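So you can see what is in the structure, the chains are spelled out below.
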Amino acid sequence: SLCVLRELPDFDTDPRLLTTAAQHALKIPRLMDARDFLNRAIDLMPSSEEAIRLLSNLEANLMNVRRVRQLIARLDGLERCSAQDVFLFCAGSRVSYDLFENVDRLVPALENDPQQGELIYALATNYLAMDRRTDARRLIDKALGDLPQHKAWMVQLAAAELAILDDRIEAAAKSLRAVGEQGREFQPYWLAM
């Protein structure tokens, strides 16, 4: 059905079709496609509460605190903020509080899109929050072997976070150096520093 939606003549200009496509992409799951569809839907219709909420939940799965807060602020501007939205806004680095749900969504999403450093970072971060260091280490090591260097900066950040937890500060510093300029706009980079 996602392919059918993409073939409709108004697909790129109709925020409802883009939101519907995002819902299908979330079920598959193809999270990066869903994010793209939702961002485009919001660009076309900035007051789309449904698209904003779907994107906020997706960004929470990806541990993207800054983007979640921006989206919730947008809901607040529309006077559509709920108590759950306020909780999510205040949750900080644990922006998505159901780690098991995150893992259940991220594992198949990564299988569908294995070259996405952001998915690897989010899954590794969830594993670390669940004290599943062996799973995080396995995921990080595999990704660093598989991804080209320009795509691996978020994986290097996950490696640094794991090294910090393991009290391997020199290894953390080495991984942080490998993150490079790409990490400068990403809050977890500065927390790791």
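It should be noted that the structure appears before, not after, this text.
Note that the structure is predicted; figures quoted are calculated from it, not measured. Every chain is numbered independently, its residues counted from 1 as its sequence is written. For a predicted model such as this one, the threshold for reporting local features is a pLDDT of at least 70, and the threshold for listing and counting side-chain atom pairs is 80 or more; totals across whole chains, interfaces and linings nevertheless cover every residue. With hydrogens and water excluded, all non-hydrogen atoms of the structure serve as input to the side-chain values.

Chemist: Can you explain helix 10 (residues 153-165)? Please cite residues and give values.
Modeler: Every helix listed is a DSSP run of H or I at least four residues long, and every strand listed is a run of E at least two residues long, numbered separately from the N terminus. A helix is expected to span 1.5 Å for every residue after the first. With 13 residues, helix 10 extends 19 Å between its outermost C-alpha atoms, agreeing within 8% with the 18 Å of an ideal straight helix rising 1.5 Å per residue. A positive phi of about 60° marks Asp167, the residue just after helix 10.

Chemist: Explain unusual backbone geometry residue by residue, including any values.
Modeler: Following Ile28, the chain continues into Pro29 via a peptide bond in cis, with omega recorded as -10°. Note on placement: Pro29 falls in the loop between helix 2 (15-27) and helix 3 (31-44). At Met63, a residue that is not glycine, the phi angle is positive and equals roughly 65°. With phi around 60°, Asp167 is a residue other than glycine that occupies positive phi space.

Chemist: Tell me about the nonpolar core, residues and numbers included.
Modeler: Membership of the largest hydrophobic core comes to 57 residues, with the highest contact counts inside it found for Leu31, Phe37, Leu62, Leu119 and Leu157. Whether two residues are in contact is decided by their heavy atoms: any pair within 4.5 Å suffices. Leu62 has contacts with Leu31, Met32, Arg35, Leu106, Glu118, Leu119 and Ala122, leaving out every residue within four places of it along the chain. Here, nonpolar core refers to any group of buried Ala, Val, Leu, Ile, Met, Phe, Trp, Tyr and Cys residues whose side-chain atoms link them within 4.5 Å. Exposure categories follow from relative accessible area, calculated using a 1.4 Å probe and restricted to protein chains: below 20% of the type maximum is buried, above 50% is exposed, and the middle band is partly exposed.

Chemist: Please provide a residue-by-residue account of the pattern of salt bridges, values included.
Modeler: By definition here, a salt bridge exists when the distance from a side-chain nitrogen of Lys or Arg to a carboxyl oxygen of Asp or Glu is within 4 Å. If you walk through the whole model with that rule in mind, you get 18 salt bridges. Between Arg133 and Asp166 there is a salt bridge, with its nearest N and O atoms 2.8 Å apart. Residue Arg133 is located in helix 9 (residues 133-146), and its partner Asp166 is located in the loop between helix 10 and helix 11 (169-179); the two are separated by 33 residues in the primary sequence. Under the relative-accessibility criterion, Arg133 is labelled partly exposed at 28%. A salt bridge links Arg137 to Asp166; the nearest nitrogen and oxygen atoms lie 2.4 Å apart.

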